[in-house]
Amino acid sequence: MKAMKEETTEIKQIKDDKDLICSLCKRCDNIPEKYGEKITLQQHNLTVHYFCLLMSSGICQRGEEDEDVHGFLVDDIKKEIRRSSRLRCMHCKKVGASVGCSIKSCRQMIHMPCGVEQEFIFQFTGLFPSFCKKHAPSQSCVSSPSLPLSCSVCLEPIESVLSYNVLKCPACHGSWFHRDCVQHYAHSAAMFFFKCTLCNNKDQFQQEMLRMGIYIPERDASWELEENAFGELLQVYQHCDAVKCLSHKGRKHSSQSGLFEIVRCKLCGSRGTHRKCSNLRLYDTDWVCADCKAAVEENKSVQLPNHVESPLAIRQERKRLFKNISDFHSSLITKRQRVPATSPEVLMDLACQISLQQSTEVLVGDDDDGVMEAALQVLRQSDFNPCCTLSVKFSKDKLNNNIRNQRRFLKRLVSKLQMSEIFEGPDGVKNLALNSKALRDDLYFEVGCLLALSLIHGGPPLGFFSPALYHSLFKYPTNYRPTLQDLGDTAFAHKIRQIAEANSKKELRHAMQSASQYLEAAGCWRKISKLSEKDMLVEDVLNFYLIIRLQLPLQRFREGLRTLGLFEQVQMCAESFYSVFCGPVERLTAESVMELFTARFSEEKERQAKENTTMNYWKQFLHECDEGRCAASLEDILTFATAADLVPSIGFKPTPSISFFSSPDPSCAFPQSHCDANHLILPILPSYELFKKHLDYTVCQFSVMQDI
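With respect to the packing of helix H16 (residues 491-500) against helix H19 (residues 534-546)
Line of reasoning, step 1. As a packed pair, H16 and H19 sit with axes 9 Å apart at the nearest point and diverge in direction by 160°. The orientation of H16 relative to H19 falls into the category roughly antiparallel. The two elements H16 and H19 cross, and the hand of that crossing is left-handed. In contact with Phe492, Ile496, Ile499 and Ala500 of H16, H19 contributes Lys534, Leu537, Val538, Val541 and Tyr545.
Line of reasoning, step 2. A breakdown of the residues in the contact of H16 with H19 according to their chemical character gives eight nonpolar, no polar and one charged.

Take a look at the structure:
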């Protein structure tokens, strides 16, 4: 079998000369990633491209790997040259065609470089077969991917049609490449580092690229072969970057200890200062440079200008702010090399960016649209900062409890957002709608931003994304295909269902004629000769309607979800977040509410016995609420204790708790709550009937007051 090896070891009597002509293809090109290493045996007056040898149909490797040309013996090479001299290339019409299509019935012969120009596929594995354009292997979209806008290597625009020059990753289906780009990447990364740039799949990706004719060298990556390539990593930053350096020995001087020891930034490590130059004490080791401090505290580098001349400038500055914070947070996650496993852990980690010292005031009006208007008004402010705490005030609310108002606001906001014009479809399974006005106003970006803010600031689970929308955004579930159910109940969906349910060619033609305008607009109008072709037609229509036509809205929606780094983290934990974005939201049960609360018992045994009895009353009351035998519901109880009728996606912090109190007059002992601390205080009462009566009354009264 032919060996596929590219060594840096010198071979005796072999050298490269770019002026010499290959004896097989008659070209002097020296492009290793395209034609392989060009090798010259001076003693035998012989020059060949390595790939020309590998792909030649009449030669095999009979020597050892260090013998002659990587195991190809000189006598065998000369025989192959004589054999090919009688064969004419079907491309350039010159003799010397040594490569033939591996399909026995195909008689196409070609020079290896001519084959590259004629879109031959050369497989550098197994028996090293070659295939002409007619018989070459091809790729297909086994799922319905979000069609790419650019090559994943060079980031230049790419034609969204699979062909000889356009390849895709078989694992994620979302990473597409120019053939030349992925070949350069493979030649540089080699077998140990060559993997998909998007999903990092290695084995499946390499097998597919070999099948499609990409050569992967069996060596270490090119950057690993450079001598002393990573020498700079062994150097520690030693320079004082203070505005005024007080060291007489210069900014690069660092003592072993003391005031003139250089302390490096604990976040980036690429800035330093003498302790004395920044007024640090001798035992201080935690110091943050001005750049990192500005990124964390939004003091300098992320401040917006005092004067913004146009709405476009305001929008651009706001996007830059969100991107700075998102990029900075992503870099910290990378440095920690930690990806939390559950969605609450991820959101809690992202919430660390929120500053408790800074707040943004949100004034909510009286009308039904007040929540949405207030949210958009705050978001469109030139100095809006997503890291500030939300200070929410309702015009009718005189108490202004911030935690209660914030959770109430976020709940109503999510409800309003899912009913906005950028979504369509039945409740609980919404898709993005194509709305030109929303595109012009950049509403897709703003809604994505508001959803990200809601989740990270402690809002409820969203629960209304369709599986198709979630897959389009985060590529999960991996093998998901859009279905007719994703279209909802629309006139368009009805016409496509008629095509899918057709039982004869006559019914199919009639259904297609009825939907001809839709099919032509989708580019799916075609002649159908078999009834079985309707499935592919429906799949193409769904792919166009739910994915292709929504590329720009999806792109802007993704950018909005990148606020505070949410999109990147969801992408890494797509399975954990699926239940947060896609419903149904889990219903409260008596058991789930009991598990939320931790009881704080007294140390006195006599009082502890009464508190245990009260806990039994509490459990019985929850079960009766769950069964509908109380006026209050489980959601009402949770709202009374925490100001949230659902468990927030981020979870409760602090953990909900229960304590107890006694009253001289049991008839006046009613439960109390401190929603800021998620704390419920239950009265110790002599009977369950009185406990139920008081708790039911208090919770219902509170619920009524909330609705006013």
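With respect to helix H6 (residues 203-211)
Line of reasoning, step 1. Of all the positions in H6, only Phe205, Gln206, Glu208, Met209 and Leu210 are classed as buried.
Line of reasoning, step 2. Close packing links the buried residues of H6 with strand S8 (166-168), strand S9 (176-178) and helix H5 (179-193).
Line of reasoning, step 3. Positive phi appears at glycine 213, one or two residues downstream of H6, with a value of about 90°.

Looking at the pattern of salt bridges
Line of reasoning, step 1. All chains considered together, the criterion is met by 22 salt bridges.
Line of reasoning, step 2. For glutamate 424, the salt bridge identified is with arginine 549, shortest N-O distance 3.6 Å. Note that glutamate 424 is positioned in strand S14 (residues 423-424) and arginine 549 in the loop between H19 and helix H20 (551-561), a separation of 125 residues in sequence.
Line of reasoning, step 3. Measuring nitrogen to oxygen at the nearest pair gives 2.6 Å for the salt bridge that ties arginine 526 to aspartate 540. One end of the pair, arginine 526, is in the loop between helix H18 (516-521) and H19; the other, aspartate 540, is in helix H19, and 14 residues separate them in sequence.
Line of reasoning, step 4. Judged by its relative accessible area of 26%, aspartate 540 falls in the partly exposed class.
Line of reasoning, step 5. Taken together, the shared-partner salt bridges connect Glu559, Arg562 and Glu568 into one network.

Comments concerning the pairing of strand S2 (residues 38-41)
Line of reasoning, step 1. Residues Lys38 and Thr40 of S2 are buried on one face, and the alternating residues Ile39 and Leu41, pointing to the opposite face, are buried as well.
Line of reasoning, step 2. As judged from the four bridges shared by S2 and strand S3 (residues 46-49), these two strands associate in the antiparallel manner. Considered in S3, the bridge of threonine 40 is made with threonine 47.
Line of reasoning, step 3. Between the end of S2 and the start of S3, which pair antiparallel, lie four residues, with asparagine 45 showing a positive phi angle near 50°.

Quick word on the packing of helix H11 (residues 370-379) against helix H12 (residues 402-418)
Line of reasoning, step 1. With their axes 9 Å apart at the nearest point, H11 and H12 run at an angle of 95° to one another. Taken together, the axes of H11 and H12 lie roughly perpendicular to each other. Only Phe409, Arg412, Leu413, Lys416 and Leu417 of H12 make contact with H11, whose side of the interface consists of Val371, Met372 and Ala375.
Line of reasoning, step 2. Among the residues making up the contact of H11 with H12, the classes are represented as six nonpolar, no polar and two charged.

Some points on empty space enclosed by the protein
Line of reasoning, step 1. Following the criterion strictly, the structure yields two cavities of 30 Å³ or more and no others.
Line of reasoning, step 2. A volume near 100 Å³ is recorded for the largest cavity.
Line of reasoning, step 3. Taken together, Val362, Ala375, Val378, Leu379, Phe384, Leu390, Phe409, Leu410, Leu413, Leu450, Leu453 and Ser454 make up the lining of the largest cavity.
Line of reasoning, step 4. Of all the secondary-structure elements, those providing two or more residues to the lining of the largest cavity are H11, H12 and helix H14 (443-456).
Line of reasoning, step 5. Residues belonging to the lining of the largest cavity are distributed by class as follows: eleven nonpolar, one polar and no charged.
Line of reasoning, step 6. In this structure, the second largest cavity spans a volume of roughly 40 Å³.
Line of reasoning, step 7. Lining of the second largest cavity is provided by Asn431, Leu432, Ala468, Leu469, Ser472, Leu546, Leu550 and Leu554.
Line of reasoning, step 8. Residue assignment for the lining of the second largest cavity shows that the elements contributing at least two residues are strand S15 (431-432) and helix H15 (467-474).
Line of reasoning, step 9. Here the lining of the second largest cavity is composed, by residue class, of six nonpolar, two polar and no charged.

What about helix H22 (residues 574-581)?
Line of reasoning, step 1. Along H22, the residues that are buried comprise Ala574, Phe577, Val580 and Phe581. Down the axis of H22, the sector holding all buried residues measures 105°, keeping them to one side.
Line of reasoning, step 2. Buried residues belonging to H22 abut helix H10 (343-350), H14, H15 and helix H21 (566-572).

Digging into a positive patch on the surface
Line of reasoning, step 1. Side chains of Lys78, Lys79, Arg82 and Arg86 sit close together on the surface and give a patch of like positive charge.
Line of reasoning, step 2. Position of lysine 78 among the secondary structure elements: in helix H3 (residues 74-84).
Line of reasoning, step 3. For lysine 78, a relative accessible area of 33% puts it in the partly exposed group.

Cut-off values and rules
Residues numbered from 1 in each chain as written. Predicted model: local features only at pLDDT ≥ 70, side-chain atom pairs only at ≥ 80, totals over all residues. Heavy atoms only, no water. Axes fitted to C-alpha atoms, helices over the stretch in contact; angles between N-to-C directions. Helix = DSSP H or I, 4+ residues; strand = E, 2+ residues; numbered from the N terminus. Parallel < 35°, antiparallel > 145°, perpendicular 65-115°, else oblique. Left-handed = near helix turned anticlockwise from the far one by under 90°. Contact = heavy atoms within 4.5 Å. Nonpolar A, V, L, I, M, F, W, Y, C, P; charged D, E, K, R; others polar. Buried < 20%, exposed > 50% of the residue type's maximum accessible area, 1.4 Å probe, protein only. Salt bridge = Lys/Arg side-chain N within 4 Å of Asp/Glu carboxyl O. Pairing = 2+ DSSP bridges. 1 Å grid on protein atoms, 1.4 Å probe; cavity = no way out; pocket = protein on both sides within 12 Å on 5 of 7 lines; lining within 4 Å. Points joined across faces, edges and corners; volume = space filled by probe spheres on them. Arc of directions from axis to C-beta. Patch = residues over 30% accessible without salt bridge, like charges linked within 9 Å, V, L, I, M, F, W, Y side chains within 5 Å. Areas by Shrake-Rupley, 256 points an atom, 1.4 Å probe, with all protein chains shown as cover. Lys, Arg positive; Asp, Glu negative; His and termini not counted. Charge placed at Lys NZ, Arg CZ, Asp CG, Glu CD.

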